[in-house]
Amino acid sequence: MTEAPNESSTDRGHLNFIEQIVEDDIASGKHRGRVHTRFPPEPNGYLHIGHAKSICLNFGLADKYGGKTNLRFDDTNPVTEDTEYVDSIKNDVRWLGFDWENELYASDYFEQLYQFAEALILKGLAYVDDSTSEEIAAQKGTPTEPGRLSIYRDRSVDENLDFFRRMRAGEYPDGAKVLRVKVDMASPNMQLRDPIIYRIKHAHHHRTGNTWCIYPMYDFAHGQSDSIEQITHSLCTLEFVPHRPLYDWFIEQLNIFPSRQYEFARLNLTYTVMSKRKLKKLVEEGHVTGWDDPRMPTIAGIRRRGYTPASIRDFCDRIGVARRDNLIDVGLLEFCIREELNKTTPRVMAVLDEKPLKLVITNYDEGREEIMRIENNPEDASSGERDVPFSRDVYIERDDFMEVPPKKFFRLFPGGMVRLKGAYIIKCDEVIKDETGEITELRCSYIPESRSGSDTSGINVKGTIHWVSVPHAVEAEVRLYDRLFSVENPAADERDFQELLNPTSLEVVRAFVEPALVDASRSGSLTNVQFMRKGYFILDADSTPERPVFNRTVTLKDAWAKEQNKGEVKKG
RNA sequence: AGCCCGAUAGUAUAAGGGUAGUACGACAGAUUUUGGUUCUGUUUGUGGAGGUUCGAAUCCUUCUCGGGCUACCA
């Protein structure tokens, strides 16, 4: 039932606590072994990686145990919800590789929920309350003191029925009345102190239009929706634990299908925030360019960053599911995408530098050109080779040359030798500088017998660097993304957002790329690529035919940078 | 403060009374025409105190610490 079953989840070797519950239920014959889950987003925002965890869990569970998963929009608050979000959510779930059994809406059940409410009134378990919200809040009491009974609590069944019907009929303005259930105003669980189950909102609903002016609260909609859909295992995050007694209470009082709720800990990721409110703030205050900014933890952002659905599913599988609070190292997400992209992406050379270093090969004839055949992916023999033009002048990274090299630097330096990837070994003969002392050019000589693939020179060099032929180079824009925040857990930090943001989360640089890349991008066949020795990149929608734009998904692991950092630490 | 939930290497996650494992990370080495990949090895853990038991990460008590709840949001 899903397009992309997560194979690894079945051979993980152990069960998470929810799988354990499901297996126990199957073993005991509960629901005759049937497994039916649901993913229940509220259509009032964009999905993020935390939702991906829930999606993978719900769909993955059904997948593993031969069950089904509904996509159900929890659309009980018309003032915050919109079809725009419905569409983006459906798109994101599909992109992640999942296909739902039924597309449903809590609003599909408004009439049924209304009838449930009348049934509770008839049982003497619900009453219409004219108190203001302030009064109701005051009545609630505190965790240490019991609440007080509302003066409207003992209205007669007839009176309640009449008022409730008139609420539905639109006789009262917003806030004039609510419907509450009589549970227990003295309960130590605040959720049980006569919660409101219906409120008046004269608002247009994205699906039911103006049919309704009263809307059920979450607690009165969610569990019953699960029940109506005969959901066997209703999974949600830990903050709903105190709601579970209410969930069960409604099911019992209404005598409907006994769905059961199980809670797991939500995902937290280092160097980012996950709350809708904070993400919205990032967008609204212009810290990012939008919900799909590649630095955002939204599915849309991650997708634009170049992450793949499989890598996210793998990530969700690796982080596990439990009930303790957690803060997952974003490095694990990066590991997952690197692991996949290493196997699948074509390699290509690009020099990412505002001012790349020009290297002139003095003993290579002016005007001469050669086509080098370079393998596309050493991890994938079937990926073939591509043509890479070579000439007398090539660009290299400024970082790949040092006039005074430190120990263990095996790139280029005066008098030193390196191999130009897929081409020749060269030697640096001379460093040319301008009047300010900046290096403008390197004059080198090449070893003709060292041509890649037919090297008879017998020379062994320590370093291989990438390059792009100057006359063939194509200019591109490259967006180097890094973590959005400079602190591990911004949500727990007291300081203002502003101070926590990583000032270098985006660096835009000019790049010179080999021509094969541009042909591929024009033909639309290019998705993720590896810029050799730099990282994984993806073509961005901002590209134009004249100027391709690439987003950096993630860097390659960089042992040399680590080595240098060690030095820094020692010095500093 | 009351109630609820939780606590296993740096980060996650297993072990369901019987050898504390796995992944990522870190560290070291080998291989490498990507300082990538791959391979090998090493390191680090049951929050504290009692109790039950032949035997406790697991069961009990208690303490400590972390989180949640007191919306006409979900």
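Procedures and definitions
- Residues numbered from 1 in each chain as written.
- Chains lettered and ligands numbered in written order.
- Predicted model: local features only at pLDDT ≥ 70, side-chain atom pairs only at ≥ 80, totals over all residues.
- Heavy atoms only, no water.
- Near = heavy atom within 4 Å.
- Polar contact = N/O pair within 3.5 Å; in protein donor to acceptor, adjacent residues only side chain to side chain.
- Helix = DSSP H or I, 4+ residues; strand = E, 2+ residues; numbered from the N terminus.
- Nonpolar A, V, L, I, M, F, W, Y, C, P; charged D, E, K, R; others polar.
- Pairing = 2+ DSSP bridges.
- Buried < 20%, exposed > 50% of the residue type's maximum accessible area, 1.4 Å probe, protein only.
- Phe/Tyr/Trp six-rings, centres within 6.5 Å; stacked < 30°, edge-to-face > 60°.
- Lys NZ or Arg CZ within 6 Å of the ring centre and 35° of its normal.

Peer 1: Which residues make up the protein's contact with RNA strand B, and what values do they have?
Peer 2: RNA strand B sits among 65 residues. The nearest are Gln20, Pro143, Arg199, Arg347 and Arg411. Separating a base nitrogen of RNA strand B from a backbone N or O atom of Ser131 is a distance of 3.2 Å. Contact between RNA strand B and Arg533: a phosphate oxygen at 2.7 Å from a side-chain N or O atom of the residue. Among the elements of the structure, strand S6 (196-200), helix H12 (309-319), helix H13 (330-344) and helix H16 (559-571) are those that each provide at least two residues to the surface near RNA strand B. Residues of the surface near RNA strand B, tallied by class, amount to 23 nonpolar, 22 polar and 20 charged.

Peer 1: Outline the pairing of strand S15 (residues 393-396), listing residues and values.
Peer 2: In the sheet, strand S12 (residues 357-361) pairs with S15 via four bridges, with the strands oriented antiparallel. Each bridged residue has a counterpart across the sheet, and for Leu357 the counterpart in S15 is Ile396. Direction of pairing for S15 relative to strand S20 (residues 468-469): antiparallel, over a ladder of two bridges. Bridge assignment links Val394 to a residue of S20, and that residue is Ser469.

Peer 1: Quick rundown of the pairing of strand S18 (residues 439-446)? Include the residues and the values.
Peer 2: Burial analysis of S18 places six of its eight residues in the buried class, which makes it a mostly covered element. Pairing geometry for S12 and S18, over four bridges, is parallel. Counted as the bridge partner of Lys358 is Glu441 from S18. One ladder, built from seven bridges, connects strand S17 (residues 425-433) with S18; its direction is antiparallel. Its bridge partner lying in S18, Cys428 is registered against Cys444. The antiparallel pairing of S17 with S18 creates a hairpin that spans five residues between the two strands, and Gly437 there sits at a positive phi of about 95°.

Peer 1: Can you lay out the packing of aromatic side chains for me, pointing to particular residues and giving the numbers?
Peer 2: Aromatic ring pairs are reported here in terms of the distance separating the ring centres and the angle at which the planes meet. Under the defined criterion, the tally for this structure stands at 24 aromatic pairs. A network of ring pairs unites the aromatic residues Phe110, Tyr114, Phe164, Tyr198, Trp212, Tyr215, Phe220, Trp249 and Phe250 as a single cluster. Taking the ring centre of Phe410 as reference, the NZ or CZ of Lys462 above it sits at 4.7 Å.

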